[in-house]
Amino acid sequence: MSHEIHSTVGIIMNIFPEGEESVIADCFTEKLGRIYLHIQGVKKIQNKHRPFVFLYSFVVIDCVQGKQYYRCTGITEWKNVYKKIKQLPKIRKMFIKQSFGMVQRLVPNGIPIPDVFTAFEVYMSQILDTTISDEYARILTLVVQLRILGILGYWNSDWTDNVLDISGKTFAYVVQNQKSVEKLIERILLETQMHNRIDM
């Protein structure tokens, strides 16, 4: 166990209660990968970290590694997304869960893969934009899943994060070839024996 303080940006993807006053946050971070973060006393109204700890919040995390979890020593806002998240339709939350489910199952805890984090962060930033339609959000979900599978080497891809631009050629290609793209993702997940564990 190290007492070194780690600092990284991340997104809170899930929150679990820990006793009466604390939580464990499942965080997807740039420098530490996926981590479970113990945030002491955050349920108290006067807790200084409380305003920043909510589902899908973009945060800057300071933490030390403990025996079971990382222990939060500081957490602040990275990007202000609270209003967008409050307005987020249920279907968008479902898309996010699908894409993060892929990350959870294919990327081991504590293994940082910066390209995967960047792709997911760009995806999250766009899917929170309610000016795009839910259908565009669905296409965006297909694109980011293919992008992540390409980064992890599950298919031969020279795509970059620019493919997540809804005005780009890749997005237009996926719009025109949705069925074949869905089948490609399904085939890859079958080959990685993950198909039955991820809701497509």
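Note that the structure is predicted; figures quoted are calculated from it, not measured. Each chain carries its own residue numbering, running from 1 in the written order of its sequence. The predicted nature of this model means local features are confined to residues of pLDDT at least 70 and side-chain atom pairs, given and counted, to a pLDDT of 80 or more, with totals for whole chains, interfaces and linings taken over all residues. To obtain the side-chain values, all non-hydrogen atoms of the structure were used and water was disregarded.

**Section: the pattern of salt bridges**
- Between Lys or Arg on one side and Asp or Glu on the other, a salt bridge is scored when a side-chain nitrogen of the former is within 4 Å of a carboxyl oxygen of the latter. Under the counting rule described, the total for this entry stands at 7 salt bridges.
- Of the charged contacts, one joins R92 and D134 as a salt bridge, the two residues approaching to 2.7 Å between their closest N and O atoms. You can see R92 sitting in helix α2 (residues 90-106) and its partner D134 sitting in helix α4 (residues 134-151), a full 42 residues away along the chain.
- The buried label goes to any residue with under 20% of its type's maximum accessible area, the exposed label to any with over 50%, and the partly exposed label to all in between, with areas taken from a 1.4 Å probe on protein chains only. Look at D134 and you get partly exposed, because its relative accessible area is 31%.
- When salt bridges that share partners are traced, they join E135, R138 and E182 into one network. Strands are runs of DSSP state E lasting at least 2 residues, helices are runs of H or I lasting at least 4, and numbering of each runs from the N terminus.

**Some words on the confidence of the model for the protein**
- Here the protein averages 90 in pLDDT, while 94% of its residues score no lower than 70.
- For every residue, the predictor states its confidence as a pLDDT score lying anywhere from 0 to 100. Two residues form a contact once any of their heavy atoms are found within 4.5 Å. Between residues 195-200, whose pLDDT stays under 50, and residues either more than four places distant or in other chains, the model counts 14 contacts.

**Thoughts on the sheet that holds strand β2 (residues 22-29)**
- Spatial ordering of the closed barrel is given by β1-β2-β3-β5-β4, a layout of 5 strands whose pairing is mixed. Each neighbouring strand pair of the sheet contributes to a mean axis angle of 50°, computed without reference to strand direction.
- Bridge count for strand β1 (residues 6-18) against β2 is 8 bridges, and the pairing is antiparallel. Each bridged residue has a counterpart across the sheet, and for I15 the counterpart in β2 is A25.
- Fitted lines through C-alpha atoms serve as axes, helices being fitted only where they are in contact, and the angles separating the N-to-C directions of these axes extend from 0 to 180 degrees. Across the sheet, α2 lies against β1, β2 and β3 (33-39), angled at about 80° from β2, the strand it touches most.
- Contacts between helix α3 (residues 114-127) and the sheet are confined to β1, β2, β4 (58-65) and β5 (70-79), with β1 contributing the most and set at about 65° to the helix. Strand pairing is assigned whenever DSSP identifies at least 2 bridges connecting the two strands.

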